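Residue-level listing of the chains:
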Amino acid sequence: MSEMVKGSPEALEFLRKRRSHPSVTMSGPGPDEGQLSDLLTIAARVPDHGKLAPWRFIVYRAPDGEKIGRFLAGLYEKKNGSLDAAQMEKELTRFTRAPIVVGVVSRAADHPKIPLWEQQLSAGAVCMTLVSAAAAAGFASQWLTEWCAFDEDAGAYLGLENGERFAGFIHIGTPTQPPVERARPNLSDITSNWTETQ
């Protein structure tokens with residue numbers, strides 16, 4: 001093993017067991033200001049070809065969640081018709097499930113050297129790193145998108161600027177129950193060795 005890279009068995013064991021927690025099972029407290037700053041700093045340490053930082057963060061705090069929910073519920077109803085009680089509750093609580101929700105915004109744009117796809121992948125790496133960092137800090141975390149991540153009117157209300165889009169909303173809070181393990185792909189089904197075919 002290289003002297004320049006020290007292994008961390010503890011980190012590997014953490015990654016083997018990391019699980020997302022459904023946001024509806026989260027409660028407070030969430031990270032305080034210092035913890036949140038540290039988590040976002042860690043999340044920004046991702047591969048970033050050209051050092052463009054083609055992403056940014058928007059932090060949504062629980063006290064604003066009800067206001068956001070009322071707007072989203074009204075917008076969804078305007079576009080899709082009357083909501084039943086369950087759907088209304090889902091929209092109203094979309095940003096109150098966790099004490100902190102971080103919108104990871106992709107600012108990917110045409111560049112003479114850096115492909116758009118690489119910039120978008122970098123934003124995805126930010127999301128995954130933030131989810132993992134939050135879990136490593138002892139918080140529950142989940143990466144979600146849902147309809148409001150792709151709706152132009154919702155995006156404008158939630159803070160997007162021209163040309164931006166949400167890579168995801170990272171919900172961060174305290175777990176109220178253990179996460180449920182789910183089936184994982186069989187490694188042999190998703191792995192192959194390259195062979196020359198021509």
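Residues numbered from 1 in each chain as written. Predicted model: local features only at pLDDT ≥ 70, side-chain atom pairs only at ≥ 80, totals over all residues. Heavy atoms only, no water.

## Thoughts on the overall build of the protein chain
Note the cut-off: In this text, helices come from DSSP runs of H or I with a minimum length of four residues, and strands from runs of E with a minimum of two, each type numbered from the N-terminal end. Buried means the residue's accessible area, taken with a 1.4 Å probe over protein chains only, is under 20% of the maximum for its type, while exposed means over 50%, and partly exposed covers the values in between.
Helices and strands together make up the secondary structure of the protein chain, namely 7 helices and 5 strands. Counted from the first residue to the last, the protein chain has its helices and strands arranged as α-β-α-β-α-α-β-α-β-α-β-α. Based on the C-alpha atoms only, the size of the protein chain along its principal axes is roughly 55 × 45 × 40 Å. Looking at the protein chain as a whole, 37% of its 198 residues qualify as buried.

## Some thoughts on the environment of Phe150
Topologically, Phe150 is positioned in the loop between β4 (140-144) and α6 (152-157). For Phe150, a relative accessible area of 54% translates into the label exposed. Separated by 101 residues in the primary sequence, Phe150 and His49 place their C-alpha atoms 25 Å from one another.

## Re the packing of helix α2 (residues 33-43) against helix α5 (residues 116-136)
Quick reminder of the rule: Axes here mean lines fitted to C-alpha atoms, for a helix over just the part in contact, with angles spanning 0 to 180 degrees between N-to-C directions. By definition in this entry, angles of less than 35 degrees are roughly parallel, angles greater than 145 are roughly antiparallel, angles of 65 to 115 are roughly perpendicular, and the rest are oblique. With the far helix as reference, a near helix turned anticlockwise by less than a right angle produces a left-handed crossing, and one turned clockwise produces a right-handed crossing. Any two residues having at least one pair of non-hydrogen atoms within 4.5 Å are treated as being in contact. Note that Gly is not counted as nonpolar here; it falls among the polar residues with everything else outside the nonpolar set of Ala, Val, Leu, Ile, Met, Phe, Trp, Tyr, Cys and Pro and the charged set of Asp, Glu, Lys and Arg.
Relative orientation of the contacting elements α2 and α5 amounts to 140°, with a least axis distance of 8 Å. When the interaxial angle is binned, α2 and α5 end up oblique. Judged by the sense of rotation from one axis to the other, the crossing of α2 with α5 is right-handed. Contact with α2, carried on its side by Leu39, Leu40, Ile42 and Ala43, involves Val126, Thr129, Leu130, Ala133 and Ala134 of α5 and no other residues of that element. Taken together, the residues of the contact of α2 with α5 sort by class into 8 nonpolar, 1 polar and no charged.

## Focus: the packing of aromatic side chains
What counts here: Here a Phe, Tyr or Trp ring, Trp counted by its six-membered ring, pairs with any other such ring whose centre lies within 6.5 Å, and the pair is stacked when the planes are under 30 degrees apart, edge-to-face when over 60, and tilted otherwise.
Scanning the entire structure with this criterion turns up 6 aromatic pairs. Their ring planes at 70° and their centres at 5.1 Å tell us that Tyr60 and Phe95 sit as a pair that is edge-to-face. Within this pair, whereas Tyr60 is found in strand β2 (residues 55-61), its partner Phe95 is found in the loop between α4 (85-92) and β3 (100-106), the two being separated by 35 residues in sequence. Exposure class is identical for Tyr60 and Phe95. Each is buried. Here Tyr60 and Phe169 contribute two aromatic rings whose centre-to-centre distance is 6.2 Å and whose plane-to-plane angle is 65°, an arrangement assigned as edge-to-face. Linking Tyr60 in strand β2 with Phe169 in strand β5 (residues 165-175), this pair joins segments that are 109 residues apart in sequence. As far as the burial class goes, Tyr60 and Phe169 line up, both buried. Ring-pair connections join several aromatic residues into one group, and the members of that group are Tyr60, Phe95, Phe166 and Phe169.

## A word on the packing of helix α3 (residues 62-80) against α4
The geometry of a pair of packed helices is captured by two quantities: the angle between their axes and the separation between those axes. The N-to-C vectors of α3 and α4 enclose an angle of 135°; their axes lie 7 Å apart at closest approach. If you check the angle between α3 and α4, you find them oblique. Across the interface between the two elements, Gly65, Gly69, Arg70, Leu72, Ala73, Tyr76 and Glu77 of α3 pack against Gln87, Met88, Glu91 and Leu92 of α4. Of the residues belonging to the contact of α3 with α4, the class tally is 5 nonpolar, 3 polar and 3 charged.

## Focus on α3
To keep things clear, this is the line we draw: Helix span is expected to be 1.5 Å times the residue number reduced by one.
Taking 1.5 Å of rise per residue, 19 residues should cover 27 Å, and α3 covers 26 Å from first to last C-alpha, within 8% of that figure. Every buried residue of α3 is listed here: Gly65, Ile68, Gly69, Leu72, Ala73 and Leu75. If you follow the buried residues of α3, they end up packed against β2, α4 and α6. At the exit of α3 stands Gly81, carrying a positive phi of roughly 90°.

## Re unusual backbone geometry
Negative phi characterises most residues that are not glycine, and trans characterises most peptide bonds. A cis geometry characterises the amide bond from Gly28 onward to Pro29, with omega recorded as 5°. For Lys51, which is not glycine, the phi dihedral falls at a positive 55°. Considering the arrangement of structural elements, one finds Lys51 in the loop between α2 and β2. According to the relative accessible area criterion, Lys51 is exposed, its value standing at 78%.

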